Amino acid sequence: MSKIYEALLRAEQERAASTNQPQQAPEQTTHVIERAAAAASALAVEELPATTETSTHVPVADPVYTEPRSYDEPTYVEPAYSSVAAVTHPTAPLDIKAVRSTVWKPMLDKLPALEERGNAVEQFRSLRTRLFGFRDLNKLKSILISSALPREGKSFIAANLAISFARHKASRVLLIDGDMRRSSLHALFGCEQTPGLTTYLAGQASLAQIMQTAAVNDDGSPLFAGLGSLTFIGGGEEGDKAADLSGSGRFKKLIEEASPYFDWIIVDSSPVNLVTDGVNLASACDAVLMVARGGVTKFEAAQRALGELKSSKILGVVLNAVDRSPQSDGYYGYDGYDLPKTPTGQATQ
Ligand SMILES: Nc1ncnc2c1ncn2[C@@H]1O[C@H](COP(=O)(O)OP(=O)(O)OP(=O)(O)O)[C@@H](O)[C@H]1O
Ligand SMILES: [Mg+2]
């Protein structure tokens, strides 16, 4: 059984266990749990050598899972390309200096990677390290964050991973809100939703026009460490056209246009079991990182999601919001990686 399947089973087991227990989660963990090489099929992954692994706890701002929101299109929707096919698109090269600077008011409780130190910082650093490990062996710049269903933590992972990358030697990071129907990243960062991805995909703005960076402090320093090298593209408006827009092929052009200017491109997306947008966007990205929510994501749902993304390279699964660490219980069998334990038994660094 592949590590990915073990991971998804783990999420399922967490779910089964949680249904027998009252929900109480003062702290939850985002685990970087599994690794798999970029294989043609999500179902036939090839493992890569491990890099490093840390085990930390993400402070929980909103630990209680609620039922998934309904999406506008609750079933699989085939994209229709006709409505955007005739729109002409600005073709000038990206004028990075023309990117607007806007005032950001980040929600610190939702963006723990902005903190100077702490469990979340370490956890996302661990994920980042693994992804650097993949990049040493494979072409890897654009990563779509995906999951089966709503509220599994895609946006949380996308935003905090982007921050973590941006904090690494001031890597240039582009974060794109690819969940055009239910954009949320602009709210997390307290910045502008539009003009955004839909505006570009509809041919109504250039790439530079939809990008934004955080205004710096009076002394020229970034608002938070990392934000100085983070560029953001909001979801934009008219998310009801997301199926058409995501399937138009223009997103591939966006990635190609932006790639020379960034070290990493992180793309948030909508749940692949409900709408097809994420699958469309994934086809333009180098790889996909799946998210499964411990105690919530059902194995079958995650399996189906992997099936939807079978044409994409799957890097692995982040088991999000679990209440214990793999190192402390040895479940994942990372032998020889022994973190010191706190008096409460939680592994620390
Ligand atoms: N590890 C975590 N610790 C604390 N809160 C979390 C964690 N993961 C997710 N959350 C919170 O859970 C909620 C749902 O997460 P998020 O919005 O990222 O899910 P999503 O998969 O993007 O959902 P959707 O598909 O509806 O956009 C958010 O309030 C988020 O802040
Ligand atoms: Mg989201």
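The rules behind the values
- Residues numbered from 1 in each chain as written.
- Chains lettered and ligands numbered in written order.
- Predicted model: local features only at pLDDT ≥ 70, side-chain atom pairs only at ≥ 80, totals over all residues.
- Buried ≥ 20, exposed ≤ 12 C-beta atoms within 10 Å, placed from the backbone.
- Helix = DSSP H or I, 4+ residues; strand = E, 2+ residues; numbered from the N terminus.
- Pairing = 2+ DSSP bridges.
- Right-handed = clockwise from strand over helix to strand, strands pointing away.
- Expected span 1.5 Å × (residues − 1).
- pLDDT = per-residue confidence, 0-100.
- Contact = placed C-beta atoms within 7 Å.
- Core = buried A, V, L, I, M, F, W, Y, C linked by C-beta atoms within 7 Å.

**A closer look at the pairing of strand β9 (residues 287–293)**
Then, number 1: Of all seven residues in β9, seven are buried, a share of seventy percent or more.
Then, number 2: Alternating positions in β9 separate into two faces, Ala287, Leu289, Val291 and Arg293 on one and Val288, Met290 and Ala292 on the other, with burial throughout.
Then, number 3: Pairing geometry for strand β4 (residues 142–146) and β9, over four bridges, is parallel. Residue Leu144 lies in a different strand from β9, and its bridge partner there is Val288.
Then, number 4: As judged from the six bridges shared by β9 and strand β10 (residues 314–322), these two strands associate in the parallel manner. Note that in β10 the partner of Arg293 across the bridge is Asn320.
Then, number 5: The parallel pair β9 and β10, bridged by helix α11 (residues 299–308), forms a crossover whose chirality is right-handed.

**Topic: helix α3 (residues 119–137)**
Then, number 1: The terminal C-alpha atoms of α3, which comprises 19 residues, lie 28 Å apart, in line with the 27 Å expected from a rise of 1.5 Å per residue.
Then, number 2: By the burial criterion, the buried members of α3 are Asn119, Ala120, Val121, Gln123, Phe124, Arg125, Ser126, Leu127, Arg128, Arg130, Leu131 and Phe134.

**Observations concerning the confidence of the model for the chain**
Then, number 1: Of the residues in the chain, 69% have a pLDDT of 70 or more, and the chain-wide mean is 77.
Then, number 2: Counting contacts from residues 22–28, a segment whose pLDDT is below 50, to residues more than four positions away or on other chains yields 14 contacts.
Then, number 3: When the criterion is pLDDT under 50, residues 73–90 qualifies, and its contacts beyond four places in sequence or with other chains add up to 30 contacts.

**Comments concerning the nonpolar core**
Then, number 1: In this structure, Ala162, Val173, Leu175, Ile266, Cys285 and Val288 are the most contacted members of the largest nonpolar core, which totals 88 residues.
Then, number 2: At nine residues, the largest contribution of residues to this core is made by helix α4 (residues 154–167).
Then, number 3: Residues contacting Leu175, with those up to four places away along its chain left out, are Ala158, Ala159, Ala162, Leu185, Leu230, Phe232 and Ile266.

**What about the pairing of strand β7 (residues 230–233)?**
Then, number 1: Judged by which residues are buried, β7 turns out to be covered on both faces: Leu230 and Phe232 on one side and Thr231 and Ile233 on the other are all buried.
Then, number 2: As paired elements, strand β5 (residues 173–177) and β7 share four bridges and run parallel to each other. Of the residues in β7, the one forming a bridge with Leu174 is Thr231.
Then, number 3: Of the pairings in the sheet, the one linking strand β6 (residues 211–214) to β7 comprises three bridges and is antiparallel in character. Note that in β7 the partner of Met211 across the bridge is Ile233.

**What to know about unusual backbone geometry**
Then, number 1: Pro195 follows Thr194 through a cis peptide bond whose omega is -5°.
Then, number 2: Its location among the elements puts Pro195 in the loop between α5 (185–189) and α6 (197–201).
Then, number 3: Unlike most non-glycine residues, Arg151 shows phi in positive territory, near 65°.
Then, number 4: Mapped onto the fold, Arg151 is located in the loop between β4 and α4.
Then, number 5: The phi torsion at Ala170 lies on the positive side, around 50°, for a residue other than glycine.
Then, number 6: Looking at the element boundaries, Ala170 is found in the loop between α4 and β5.
Then, number 7: The class for Ala170 is partly exposed, based on 14 C-beta atoms found within 10 Å.

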